[in-house]
Amino acid sequence: MGTQESDEQVRGTGRRALLGAAVLGAGGAVLGLSGTARAAGAGHGGGGVKSLPKPTIIGHRGASGYRPEHTLGAYQLALDMGAHVVEAGDLVPTKDGHLVCRHEPEIGGTTDVADHPEFAGRKTTKLLDGVATTGWFTEDFTLAELKTLRAIERIPATRPHNTLYNGRWEIPTFEEVLRWQEEQTRKRGKQVWIYPELKHPTYFRTLGLGLEERIAKVLRKYGKHKWNSPVIVQSFEPTSIQRLHKLIDNPLVVLLSGASTRPYDFVDSGDPRTVADLIKPAGLREIASYAQGIGPTLDLIIPRDGSGRLTTPTTLVADAHKVGLVLHPWTLRNENPFLPADFRKGTDPDAYGDVFGAYRAYFATGIDGVFTDHPDTGLLAREDFVNG
């Protein structure tokens, strides 16, 4: 997911407790998964996005609650925990045109680039979707240079345990992810799904680094550009998804941030519409003409009041389903700062809250799946929901 995730602008002070990741080996099932839940998840093969089990548990940037995000370590753990789909990864380009997996093109907070004196001169300030951003940017590095860096935890104050793994993994390329997907599919005897996101397409197109053509070329190279390919492609920019619709047949998803926000491609082109317009019936019908789903922020499913507590669900789930769109909202996390106020527990802002209660509330709306930083927790919550 993108910088649009306002719930990530949280300053933590450390966390008292860790949730153990109880997993089974190659089967990738969370311990205790019942027969009903197993059966619900058994058929995700070549039937397209609507063949995925419902609700679908999507490992957000991998198992990013336990490992530095967008690393092969985080992706692998998400699979081992049993995630139905892995968001691998947020795609940004290098100077020489390769697609790599980083949350943002600015990599000062997710790699050890600041510790490399040879790259000190690359630090700069750029306008990223109209916002002045200072740091190091992937488009200023060749792939060979980026491969000398190592990933670090992005929010160490909230997830100090993840810093144990700082420096262990390099930045993966999208081609490496596709080869990993194929390898894991063979090893596990079932199809592994991934859910890459194109980051800041308008920004990169102005730099001559169009993302849509690049991902289409790579997907075609690996034969994963078809309607039933196990690769769902998403973006916060509707025109990027429209461009992809003409290039590949993969399932496509439009990501939606807060109701009052405007996608940056709309800002750039002067389109006055906001997300509130896109989630009206007419807007959803338009999206359904070129995409198979939407990825709304959870607040578009159930808004929060002024104190941060959940209110009454909107009609978005029903409205989207009426035009044939699936909904995969984002993002559920175990820690208090990211949960609705009614599901936080204790006074420690970084302790785990009643995330199972939050899952129940969101699953009850009829969503088709959810992005989560903690796939093992999500699967246990799903088991509770599926089995009543």
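Everything that follows concerns the structure shown earlier in this document.
Residues numbered from 1 in each chain as written. Predicted model: local features only at pLDDT ≥ 70, side-chain atom pairs only at ≥ 80, totals over all residues. Heavy atoms only, no water.

## Re the overall build of the chain
Convention followed: Comment: elements are numbered from the N terminus, with helices defined as DSSP H or I runs of at least four residues and strands as E runs of at least two. A simple rule labels every residue: compare its accessible area, found with a 1.4 Å probe on the protein chains alone, to the largest value its type can have, and call it buried under 20%, exposed over 50%, or partly exposed in between. The contact definition used throughout considers only heavy atoms, calling two residues in contact when any of these lie within 4.5 Å. Each accessible area value is a Shrake-Rupley result obtained with a 1.4 Å probe; residue values ignore everything except the protein chains displayed when judging cover.
Secondary structure summary: the chain contains 14 helices and 13 strands in total. Residues classed as buried in the chain amount to 57% of the 388 residues present. Considering only residue pairs separated by 6 or more positions, the chain has 69% of its internal contacts joining residues 24 or more positions apart. As presented, the chain carries roughly 14,800 Å² of accessible surface, and 53% of it is formed by carbon and sulfur atoms.

## A word on the pairing of strand E1 (residues 56–59)
Counted only if it meets this: Pairing between two strands requires that DSSP report at least two bridges joining them.
The alternating pattern of E1 places Thr56 and Ile58 and Ile57 and Gly59 on opposite faces, both of which are buried. Here E1 pairs with strand E13 (residues 369–372) via four bridges, running parallel. Across the sheet, the residue bridging to Gly59 is Thr372, located in E13. Bridge count between E1 and strand E2 (residues 85–86): two bridges; the pairing is parallel. Within the sheet, the bridge partner assigned to Gly59 lies in E2 and is Val86.

## Considerations on the side chain of Thr274
Stated formally: For the purposes of these results, a polar contact is taken to be a pair of N or O atoms within 3.5 Å, where, inside protein, one atom must be able to donate a hydrogen and its partner to accept one; residues adjacent in sequence count only when each atom of the pair is a side-chain atom.
Positionally, Thr274 belongs in the loop between helix H8 (264–269) and helix H9 (275–278). Residue Thr274 is classed as buried on the basis of its relative accessible area, which comes to 18%. Only 3.2 Å separates the side chain of Thr274 from the backbone nitrogen of Ala276, close enough to count as a polar contact.

## Description of the sheet that holds strand E3 (residues 90–93)
Spelled out, the test is: Whenever a helix is involved, its axis is fitted only over the stretch in contact; in every case the axis is a line through C-alpha atoms, and angles between N-to-C directions fall within 0 to 180 degrees.
One open sheet holds the seven strands; their spatial order is E4-E3-E8-E9-E10-E11-E12, and the pairing between them is mixed. Every other strand in the sheet has two partners, leaving strand E4 (99–101) and strand E12 (326–327) as the edge strands with one partner each. Where E3 lies against E4, three bridges are found, and the strand directions are antiparallel. Its bridge partner being in E4, Leu91 is matched across the sheet by Cys101. Helix-sheet contacts for helix H7 (residues 238–247) involve strand E8 (197–198), strand E9 (233–235) and strand E10 (252–256), and the interaxial angle to E10 is about 175°.

## Side note on the packing of aromatic side chains
Here is the rule: Paired rings are identified among Phe, Tyr and Trp, the last through its six-membered ring, by centres lying within 6.5 Å, and are further divided according to the angle between planes into stacked (under 30 degrees), edge-to-face (over 60) and tilted (the rest).
For the structure shown, the criterion picks out eight aromatic pairs. With a centroid separation of 5.0 Å and an interplanar angle of 75°, the aromatic rings of Phe119 and Phe141 are classed as edge-to-face. Highlighted residues: Phe119 in the loop between E4 and strand E5 (124–128) and Phe141 in the loop between strand E6 (131–135) and helix H3 (143–146), separated in sequence by 22 residues. One exposure class covers both Phe119 and Phe141, and it is buried. A ring pair is formed by Tyr203 and Phe204, whose centres lie 4.9 Å apart and whose planes are at 70°; its orientation type is edge-to-face. By relative accessible area, Tyr203 is classed as buried at 8%.

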